[in-house]
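Architecture at a glance
One-letter residues, chain by chain:
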Amino acid sequence: MDPIDKVREYSWDTAVVAFLNNELTKDSRALTKQVNGNTCLFQVCIYEHFHSFFKTNSYVKVDETVAVDKPRGQRYSFKGTQDKEMPQNLIKLRMVIDKLTADDVIFDPYRDARKKGLIQRRDEVGLYYGPLMLCDGGYSMYDPHRVMRQLGYVQEEPHFDEDKPFFTVKMDECTTSQKTINVAYDPAPVQEHWDSKRRRKIYVSLLDEVTTGREASEKYMAWYLGWARPTVIREMTAEELARKRKMASKDPATSLKFFKEQLKTFVKVWCCAKDRGEPLSIEEQSKHIDYACNIDNEDSHELFKQVDAEVKREKRAGKEAQAKMNADKKRARSDRGGEGSSSGRGGGGEGSSSGGVPKRGRGRE
């Protein structure tokens, strides 16, 4: 916050968006239980772009009298209570998202107000590409190429100025776990990139403005489908469908026997971890989750063979360690017993020598 007298000059909107983006990244992880940040901003963004999400929701009220130049969040209010049936609602929501078409999305909710001159276009901000920096050294990568229709331009595949190359992902340095995901870029984002943000923009001369609001170039969808997944609910591949049919045709007794074998192996590895008396690391937790998720998968024989071998190695190592410990204790007891016997023999000799036992010569004298 230093210098405190310039707080009004700080880019608070950038910090809020960058922090929220980072939190949403964490929220995609399996072990994340909560998300921080300005979630109201996220909700309003959804309401603004996807009207069908709240039209059938009687709990969400919209005040159309709020002026367009006022914060958009003032238009919405929630009049209901929090629903605890989360899993079922999530499934329904994913199905709704997968059925959305371009006609169901309001890409640019500010278009009409901009045409009327009520708000101004902010290309100097919206067309910047690079990291949104946070005060603690963190950042959130921003790429306007992914949201060109929201900025009032035709959506097309990315094209960059050769003199100012965009950040590329270094896949071999990216890491992910049940809790976090870390993406590495080349070049590594630094404060200098943010400070020179006015020089890191997409040229407006290369862009075409939309007419209906949802136009995309002919090559865009082919480019998008080349790296992205078009639906939230993943469709099964041909191999997965064949495996599912194969499992369904199995004799129930055979499937039950297979399941019991897998479960027995899983219990073994879990008990080995428990016997150590140490808390499981994140990596071990991930492995156990992987075992549990594959417990009814016939194609995971190799995985459970590795698990069984790992259990046997751990047990063998434990037995060897225990045998070594017993041998060390036995050796230590033997050493202590030897020292006592040697001491006893030495004491008796000295006693015979100095205790006055008469020698034969003296006895005759």
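Throughout what follows, the structure given in this document is the object of discussion.

Glancing now at the overall build of the protein chain. A count of helices and strands for the protein chain gives 13 helices and eight strands. When each of the 365 residues of the protein chain is scored for burial, the buried share is 22%. By sequence separation, contacts in the protein chain at least 24 residues apart represent 62% of the contacts at least 6 residues apart.

If you look at the biggest cluster of nonpolar residues, it comprises 11 residues: Leu127, Tyr129, Met141, Met148, Leu151, Tyr153, Phe166, Phe167, Tyr185, Ile202 and Leu207. Setting aside residues no more than four positions away along its own chain, Met148 makes contact with Leu127, Tyr153, Val154, Gln155, Ile202 and Leu207. In this structure, Tyr128, Met133, Leu134 and Trp194 belong to the second largest nonpolar core, which totals six residues.

A cluster of basic residues, Lys329, Lys330, Arg333 and Arg336, forms a positive patch at the surface. Here Arg333 is to be found in helix H12 (residues 301-354).

Let's shift gears to unusual backbone geometry. Outside of glycine, negative phi angles account for most residues, and trans bonds account for most peptide bonds. Residue Pro187 is reached from Asp186 by a cis peptide bond, and omega for that bond is 0°. Here Pro187 is to be found in the loop between strand E8 (185-186) and helix H7 (191-195).

Moving on, we get to the packing of aromatic side chains. On inspection of all chains with the given rule, the structure shows eight aromatic pairs. Ring geometry for Trp223 against Trp227: centres 5.4 Å apart, planes inclined by 65°, an arrangement best described as edge-to-face. Of the residues examined, Trp227 reaches a relative accessible area of 46% and is grouped as partly exposed. Pairing Tyr224 with Trp227 gives two aromatic rings, centres 5.5 Å apart and planes at 75°, and the pair type is edge-to-face.

We now examine the side chain of Glu23. Structurally, Glu23 can be placed in helix H1 (residues 12-27). Discounting chain neighbours no more than four positions away, the residues touching Glu23 are Val35 and Asn36.

All right, on to a nonpolar patch on the surface then. Among the surface-exposed residues, Leu90, Ile91, Leu93, Met95, Ile97, Val232 and Ile233 lie close enough to one another that they form a single nonpolar patch of about 520 Å² accessible area. Its place among the elements puts Ile97 in helix H4 (residues 86-98). Classification of Ile97 as partly exposed rests on a relative accessible area of 32%.

Calculation notes
- Residues numbered from 1 in each chain as written.
- Predicted model: local features only at pLDDT ≥ 70, side-chain atom pairs only at ≥ 80, totals over all residues.
- Heavy atoms only, no water.
- Helix = DSSP H or I, 4+ residues; strand = E, 2+ residues; numbered from the N terminus.
- Buried < 20%, exposed > 50% of the residue type's maximum accessible area, 1.4 Å probe, protein only.
- Contact = heavy atoms within 4.5 Å.
- Core = buried A, V, L, I, M, F, W, Y, C linked by side-chain atoms within 4.5 Å.
- Patch = residues over 30% accessible without salt bridge, like charges linked within 9 Å, V, L, I, M, F, W, Y side chains within 5 Å.
- Areas by Shrake-Rupley, 256 points an atom, 1.4 Å probe, with all protein chains shown as cover.
- Salt bridge = Lys/Arg side-chain N within 4 Å of Asp/Glu carboxyl O.
- Lys, Arg positive; Asp, Glu negative; His and termini not counted.
- Charge placed at Lys NZ, Arg CZ, Asp CG, Glu CD.
- Phe/Tyr/Trp six-rings, centres within 6.5 Å; stacked < 30°, edge-to-face > 60°.

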